[in-house]
Each structure stands twice: as structure tokens, then as C-alpha cells.
Amino acid sequence: RPKSSKDADFQRDQGIKRQKRPADSSSAKMNTRGASRPTNNDDDDSLVFQDVMAKYSVEESSLAFFELANALSVAYRLPNPTTNESRRISIRQNSQAQTHTGGVVWETSYLLLEYLQFVVKQQHQKSSSPAAVGKRVVEVGAGCGLLGLAISFLPTVQEVLLTETEEVNNTILLPNVKRNQSIVSSSSSCQVSACALDWLYHERDFQAYA
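Residues numbered from 1 in each chain as written. Predicted model: local features only at pLDDT ≥ 70, side-chain atom pairs only at ≥ 80, totals over all residues. Heavy atoms only, no water.

Undergrad: Is there a simple way to explain the sheet that holds strand E3 (residues 86-92) in this structure?
TA: Hydrogen bonds between backbone groups are what pair the strands of a sheet, and the pairing can be parallel or antiparallel. Judged by pairing direction, the sheet is mixed, and its three strands sit side by side in the order E1-E2-E3 without closing on themselves. In this open sheet, the two edge strands, each paired with only one partner strand, are strand E1 (47-48) and E3. Sheet topology note: the strand E2 (residues 73-79)/E3 ladder contains seven bridges and is antiparallel. The residue bridging Val-74 from the neighbouring strand is Ile-91, located in E3. On top of the sheet, helix H7 (residues 166-179) reaches E2 and E3; it is set at about 150 degrees to E3, its chief contact. (Pairing = 2+ DSSP bridges. Helix = DSSP H or I, 4+ residues; strand = E, 2+ residues; numbered from the N terminus. Contact = heavy atoms within 4.5 Å. Axes fitted to C-alpha atoms, helices over the stretch in contact; angles between N-to-C directions.)

Undergrad: Got a minute to help me understand the environment of Ser-152 in this structure?
TA: Relative to the helices and strands, Ser-152 is located in the loop between helix H6 (146-151) and strand E5 (159-164). Overall, the relative accessible area of 0% leaves Ser-152 in the buried class. Measuring from C-alpha to C-alpha, the distance between Ser-152 and Val-192 comes to 7.0 Å, with 40 residues separating the pair along the chain. Filtering out sequence-adjacent residues up to four positions away, Ser-152 remains in contact with Val-157, Val-160, Val-184, Ser-188, Cys-190 and Val-192. Among the polar contacts made by the side chain of Ser-152, one reaches the main-chain carbonyl oxygen of Leu-149 at a distance of 2.4 Å. (Buried < 20%, exposed > 50% of the residue type's maximum accessible area, 1.4 Å probe, protein only. Polar contact = N/O pair within 3.5 Å; in protein donor to acceptor, adjacent residues only side chain to side chain.)

Undergrad: When you look at the sheet that holds E5 in this model, what are you seeing that I'm missing?
TA: The strand order across the open sheet formed by three strands is E4-E5-E6, and the pairing between neighbours is parallel. Edge positions in the sheet fall to strand E4 (136-140) and strand E6 (191-196), since each has one partner strand and no second. Sheet twist, expressed as the average angle between the axes of neighbouring strands with direction ignored, equals 15 degrees. In this structure, E4 lies alongside E5, joined through five bridges in parallel fashion. Bridge pairing in E5 places Arg-136 opposite Glu-159. This element, H7, spans E5 and E6 of the sheet and lies at about 160 degrees to E6.

Undergrad: It is not clear to me how the packing of aromatic side chains should be interpreted in this structure. Could you clarify?
TA: Aromatic ring pairs: the centre-centre distance and the angle between the two ring planes describe each pair. The final tally for this structure, using the stated rule, is four aromatic pairs. Centroid distance Tyr-115 to Phe-118: 6.5 Å. Interplanar angle 35 degrees. Geometry classified as tilted. Here the residue Tyr-115 and the residue Phe-118 both occupy positions in helix H5 (residues 107-126), the gap between them amounting to three residues, near one helical turn. The class for Phe-118 is buried, based on a relative accessible area of 9%. These aromatic residues form a ring-pair network of at least three members: Phe-49, Phe-65, Tyr-76 and Tyr-110. (Phe/Tyr/Trp six-rings, centres within 6.5 Å; stacked < 30°, edge-to-face > 60°.)

Undergrad: How should I be thinking about the side chain of His-100 in this particular structure?
TA: Relative to the elements of secondary structure, His-100 occurs in the loop between E3 and H5. Looking at His-100, its side chain comes within polar contact range of the main-chain nitrogen of Gly-102, at 3.1 Å. Discounting residues that sit within four places of it in the chain, His-100 has contacts with Glu-167, Val-168 and Ile-172.

Undergrad: How should I be thinking about the pairing of E5 in this particular structure?
TA: Regular strands show a simple pattern: their side chains alternate between the two faces of the sheet. What joins E4 to E5 is H6, and the crossover it makes is right-handed. Bridge analysis of E5 against E6 gives six bridges, and the strand direction is parallel. Directly across from Val-160, in E6, lies its bridge partner Val-192. (Right-handed = clockwise from strand over helix to strand, strands pointing away.)

Undergrad: Is there a simple way to explain the pairing of E2 in this structure?
TA: Summarising burial for E2: five of the seven residues are buried, a large majority. Pairing analysis gives two bridges linking E1 to E2, with the strands arranged parallel. When the bridges of E2 are listed, Leu-47 appears paired with Val-74.

Function cannot be inferred from these measures alone, as they are strictly geometric.
Now the structure itself:
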């Protein structure tokens, strides 16, 4: 469909500078065993979403997401609309998980997060009041936890509860929440927690937390 001016604004402002890969495709091929790591001063070897996306053209986005999905750890830089500082969320993944689909960050999590960042930026430019997202947020099926953890940095959010099945919560979600607890508590007043909630047996789990 034809791109509207609003589409163009979103693509321009979302902060991802896409580049064409080199003409020599052999030098640009992805190595899923030893995926390229961004150069930064952080203390882990996570693949940073913004850096990976910058290596590929729009038409090659699927390759970027495939590279991210095969990384042991991924990260997302969260800009602060009021300062020049950025915060970084780091997420451990398990692409080898066989019994559930919560082992890797899904593409939709990245895209929704990009859109929310775009809305917050636009709102900040138009008004001094923060964008209203909601004071309390519950994410059902939080997977690795990237989206819920990032939402905790939005201005009006005071509490975020991330939920997943017991297996995913115990092995992936809860460890990732603990992994990012220090950056969340130092950069936000939001309370973040995670618990097991199986939507197929929600009554049982609700009773357990009652």
C-alpha cells in the first residue's frame, strides 16, 4: 500500500538506521554459532537489537530477526526522552527449547516496543506531560520478558507483572527479571515482578496467589 506521511514519520523517528550489506555477500553472511557482537563498553556479550538491525536493509529484516533469535543473549537500548542517556535491558535466551515457545524474544515484542518508544517520543515533543500508558500493566505470555521490562521504564507505569507458564517462568522469565532488577530500580520507580500463570489452568494459578 502507499506509504502515508505518518508511516514515513514512524520509520524516520524509530531510531534504526538501516544500511545495505556489502556487495560481497560472503562477508555479510550470518554465523549463527558465533554471531557478530556489537562494540560497546557493557559487561556482557549480548547482541544489541539496534546494532543488528542497522546491518540489514528493510528487505533483509528477516535475517536480522533470525540472527537475534539464535543469540544466547540479546539487548535493547532504551532512550530517555528527557536526557541524552540510554538504559539497556539484557535478555538471556534459549533457542533450543523444545517444550515451549518462550525461549526467544519474538519479533512482535521488538516491533511493539519500537512503536511504544515512537509514541512516547512524539508525546514528549508535543506536550510536557508524559504519555499515558496505564499505571498497572499485566503481560500474559511474557516469554523472555523484554517487552514487560521495557514497559516499566515508561513514564506513567508504576507496576508491571509479567506472567508465563511455570516452566518458562522458572527457567527464563524470572531469571531475566532478576538479571535486570538493578537497572530497573536505578532508572525507574516502577515495581516489576514475575510469576507463573498458565492460561489453560488460570483458576488454579489464581487460587495459588490469592
